[in-house]
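Chain by chain, the residues:
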Amino acid sequence: MSTINLEKLRVYVTSGFSGIMAIAIFCGSSTLYAQRSISPADTGRMKWGHSDFSDYDRPTMCHRALGEATRQYTRRYYKDTALAPIVKNSAPIRELPKEAIETVRACATRLNLDSQTPDQLWAVARIYLVLGDLEKSKLVAEKVIQTGINSEEKLEMMLQALLMYLNHSESSLSLANYFADAIRAFEPVSNTSIFQVDITLAGYFLERYNVDSVLHYSKSAIVTLKKMSIEEMDKVAAISAFTPQLDIANEKGDIPQQEKILVEASELLKNWRSGLGMQMIAGILHGLDVKKTVYNKRMTVLNDGVWENSDGLERPKSGVASLIVLVNHNCGSVCYSRINAIKRLKKTFGDDLDVVLITTTSGFAPGSGPLTPTEEGKAAAKYFKDYLELPYPLLVDESPTYKLDDGRIIRDNGPLAQMFSDFSGTNAVVTDRLGRIQWAGALTFEAQIRLLASVIERAVVKESD
């Protein structure tokens, strides 16, 4: 039985630690190409600037032509394509336009792909992959890996191959697994590389919310951590072996399981990066303390702040599940992934899901000069409704402000922003039909939508008391 005391871990929480430190363990492939490259007002006079690839004479250039041709042949206005409903447990597959594939084929026929210098081999492997010849692609990838000057460089190349095949399409997953197995069998054994394989695959399947696979690779990564010296462990993002399990337990609203996971994490990470692991675990525990008091409890009616775009009904709205999201009207393109995630979740659940946006004042709005809180609230409402096409109730949270002696304005958290801050790193809450909190967590990227879809599905069908 573990001797780690969870209460003692909480002493690591400091006033400067306000949230869970997110570690990016995997950059997933695009779910869909952007479909709003041109305006509906385009009469056809606008022409793509670069479409002649006849003078491309190297594999790297032929592969570059793939991106150019893809942009050219997806240059259409299909308003709803990028906002398709979420298909549960379906891996997004990037489908390349046939015209783009033929562009690459025509370019490649002018080359001798079997006689290329080492600096061109990765491009050759990618070309064969695009053309659907997986066996030749694998052989070329293996050839370039053998050019590595030492074991470390060869392992880095094998990880690169793993990501290349993982990110292409479902048809190339077999090659991703092939190189994952090759890394595991590599001599001399590299625990850090094996760990990278496991967290990469765990991240891949977390994006698709394939729970069994996520748990398999997450637990495998933990087994590898236990084999590492402290020097090896400090080279990797060790906490990322536990975060996928925490995400799954939180999706189910299972706080005891999250604490159990953190006990194991604290035992392994107590010396990781000079105490950083313990600080991070303590921050997560702080958020769990709050969740213990609110999960399955009715959320207080939202009444701090000023409503815009509202129908006058109380929120959370009774009779439906609710997604309440802290957004930022001054975030710009950085937040477009979150905006698309909100739209797709709403499109998926329709009238079964009520969406509520919360934004905080910052003294200005997109394209404006200084504004009063009232003016800013109305400008933010117009921005969300008319520009971002989010016609949902918006609650404007006024940030308390004060001036320093030198004239600088300092803005503190308003009451609603503070509510999210108390959860540690949270910017979204899901409630069930009775307004009871079922989940609190992060909604930042579109890659998180399948996990959120599972949360909302549970909230929609949750039986009343």
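Refer to the structure above for everything that follows.
On a predicted model such as this, the values are computed, not experimentally measured, just so you know. Within each chain, residues carry numbers counting from 1 in the order of the written sequence. Confidence filtering applies because this is a predicted model: local features only for residues at pLDDT of at least 70, side-chain atom pairs given and counted only at 80 or more, and all residues used for totals across whole chains, interfaces and linings. Hydrogens and water are ignored here; the side-chain numbers use all heavy atoms of the structure.

(A) Broad picture of the overall build of the protein. On a plain count of helices and strands, the protein comes out with 17 helices and eight strands. The buried label goes to any residue with under 20% of its type's maximum accessible area, the exposed label to any with over 50%, and the partly exposed label to all in between, with areas taken from a 1.4 Å probe on protein chains only. Counting over 465 residues, the protein shows a buried share of 48%. Residues count as neighbours in contact if any of their non-hydrogen atoms are within 4.5 Å of one another. Across the protein, contacts joining residues at least 24 apart in sequence account for 71% of those joining residues at least 6 apart. Surface accessibility follows the Shrake-Rupley procedure with a 1.4 Å probe radius. Residue values consider only the protein chains on display as shielding. Accessible surface, the protein as shown: approximately 22800 Å² in total, 51% of it carbon and sulfur. Starting at the N terminus, helices and strands are each numbered in turn, a helix being any DSSP run of H or I of at least four residues and a strand any DSSP run of E of at least two.

(B) Structural context of the environment of Leu139. Within the fold, Leu139 resides in helix H5 (residues 134–145). Separated by 14 residues in the primary sequence, Leu139 and Ala125 place their C-alpha atoms 8.0 Å from one another.

(C) How the structure looks around the state of the cysteines. Disulfide assignment relies on a single distance test, namely cysteine sulfur atoms paired within 2.5 Å. In the structure shown here, the tally under the stated rule is two disulfides. Shown here is the disulfide that connects Cys62 with Cys107, its sulfur atoms set 1.9 Å apart. Its S-S torsion of approximately -75° makes the covalent link between Cys62 and Cys107 left-handed. Of this pair, Cys62 sits in helix H2 (residues 59–73) while Cys107 sits in helix H3 (residues 98–108); the two residues are 45 residues apart in sequence, bridging distant segments of the chain.

(D) Examining the packing of helix H12 (residues 255–269) against helix H13 (residues 276–294) more closely. To get an axis, fit a line to the C-alpha atoms, keeping to the stretch in contact for a helix; angles then go from 0 to 180 degrees between the N-to-C directions. For the pair H12 and H13, interaxial distance at closest approach is 10 Å and the crossing angle is 165°. Taken together, the axes of H12 and H13 are roughly antiparallel relative to one another. Between H12 and H13 the crossing geometry is left-handed. Of the residues in H13, those touching H12 at Ile255, Gln258, Glu259, Leu262, Ala265, Ser266 and Leu269 are Gly277, Met278, Ile281, Ile284, Leu285, Leu288, Lys291 and Lys292. Throughout this entry, Asp, Glu, Lys and Arg are counted as charged residues, while Ala, Val, Leu, Ile, Met, Phe, Trp, Tyr, Cys and Pro are counted as nonpolar. The remaining residues, Gly among them, count as polar. Taken together, the residues that form the contact of H12 with H13 break down as nine nonpolar, three polar and three charged. For classification purposes, angles smaller than 35 degrees are called roughly parallel, those larger than 145 roughly antiparallel, those between 65 and 115 roughly perpendicular, and all remaining angles oblique. Put simply, a crossing is left-handed when the front helix is turned counterclockwise from the back one by less than a right angle, and right-handed when it is turned clockwise.

(E) Here's a closer look at the pairing of strand S7 (residues 428–431). Burial along S7 is two-sided: Ala428 and Val430 facing one way and Val429 and Thr431 facing the other are all buried. Strands were regarded as paired on the criterion that DSSP finds at least two bridges between them. Across four bridges, strand S2 (residues 321–326) lies against S7 in antiparallel orientation. Pairing of Leu323 across the sheet is with Val430, part of S7. As defined by bridge partners, S7 adjoins strand S8 (residues 437–441) across four bridges and the pair is classed as antiparallel. Looking across to S8, one finds that Thr431 is bridged to Ile437. The hairpin formed by S7 and S8 contains five residues between the paired strands, and Gly435 there has a positive phi angle of roughly 80°.

(F) View of the sheet that holds strand S4 (residues 394–397). Taken in spatial order, the six strands line up as S1-S4-S3-S2-S7-S8 in an open sheet, and their pairing is mixed. The open sheet is flanked by strand S1 (306–308) and S8, the only strands paired with a single partner. Here the average twist between neighbouring strands, direction ignored, is 20°. Sheet contacts for helix H16 (residues 415–422): S2, strand S3 (353–360), S4 and S7; angle to S4, the most-contacted strand, approximately 95°.

(G) Geometry of unusual backbone geometry. Cis geometry marks the peptide bond from Glu187 to Pro188; its omega dihedral reads 0°. Residue position: Pro188 is located in the loop between helix H7 (173–185) and helix H8 (191–208). Cis peptide bonds are those with omega within 30 degrees of zero, and the linkage from Arg315 to Pro316 qualifies with 0°. Within the fold, Pro316 resides in the loop between S1 and S2. The backbone of Arg273 shows a phi angle near 45°, a positive value even though the residue is not glycine. Overall, Arg273 belongs to the partly exposed group, its relative accessible area being 33%. Its identity as a non-glycine residue notwithstanding, Glu389 has a phi of 60°, on the positive side.

(H) Quick peek at the packing of H5 against helix H6 (residues 151–168). Packing of H5 against H6 leaves a shortest axis separation of 9 Å and a crossing angle of 155°. Between H5 and H6, the interaxial angle falls into the category roughly antiparallel. Every pair of crossing elements has a handedness; the one defined by H5 and H6 is right-handed. For the pair H5 and H6, the contacting residues are Ser137, Lys138, Ala141, Val144 and Ile145 in the first and Lys154, Met157, Met158, Ala161 and Tyr165 in the second. Class assignment for the residues of the contact of H5 with H6 results in seven nonpolar, one polar and two charged.

(I) View of H5. Compared with an ideal rise of 1.5 Å per residue, which puts twelve residues at 16 Å, H5 spans 16 Å between its outermost C-alpha atoms and is within 8% of the ideal. Contacts from the buried residues of H5 go to helix H4 (121–130), H6 and H7. Multiplying 1.5 Å by the helix residue count minus one yields the expected span of that helix.

(J) Here's a closer look at the environment of Ala69. Relative to the elements of secondary structure, Ala69 occurs in helix H2. The class for Ala69 is buried, based on a relative accessible area of 1%. Between the C-alpha atoms of Ala69 and Ser51, which are 18 residues apart in sequence, the distance is 7.0 Å. Residues contacting Ala69, with those up to four places away along its chain left out, are Phe53, Ala100 and Thr103.

(K) Local environment of the packing of aromatic side chains. Centres within 6.5 Å make a pair out of two Phe, Tyr or Trp rings, where for Trp the six-membered ring is used; the pair is then stacked when the planes are under 30 degrees apart, edge-to-face when over 60, and tilted otherwise. Counted according to the given criterion, the structure contains seven aromatic pairs. Taking the centre distance of 5.4 Å and the plane angle of 65° together, the rings of Phe53 and Tyr56 count as edge-to-face. Each member of the pair, Phe53 as well as Tyr56, is classed as buried. When the ring of Tyr165 is compared with that of Phe179, the centres are 5.7 Å apart and the planes differ by 10°; the resulting orientation is stacked. Of this pair, Tyr165 sits in helix H6 while Phe179 sits in helix H7, placing them 14 residues apart in sequence. Judged by relative accessible area, which is 0%, Tyr165 ranks as buried. Phe179 sits in the buried class, given a relative accessible area of 2%. One aromatic cluster in this structure is built from Tyr165, Tyr178 and Phe179. Both a distance and an angle decide whether a charge sits over a ring: NZ of Lys or CZ of Arg must be within 6 Å of the ring centre and within 35 degrees of the ring normal. Seen from the ring of Tyr178, Lys138 lies directly overhead, with NZ or CZ sitting 4.6 Å from the centre. Directly above the aromatic system of Tyr204 lies the positively charged group of Arg208, at a separation of 3.7 Å from the ring centroid.

All quantities given are derived from atomic positions and should not be read as evidence of function.
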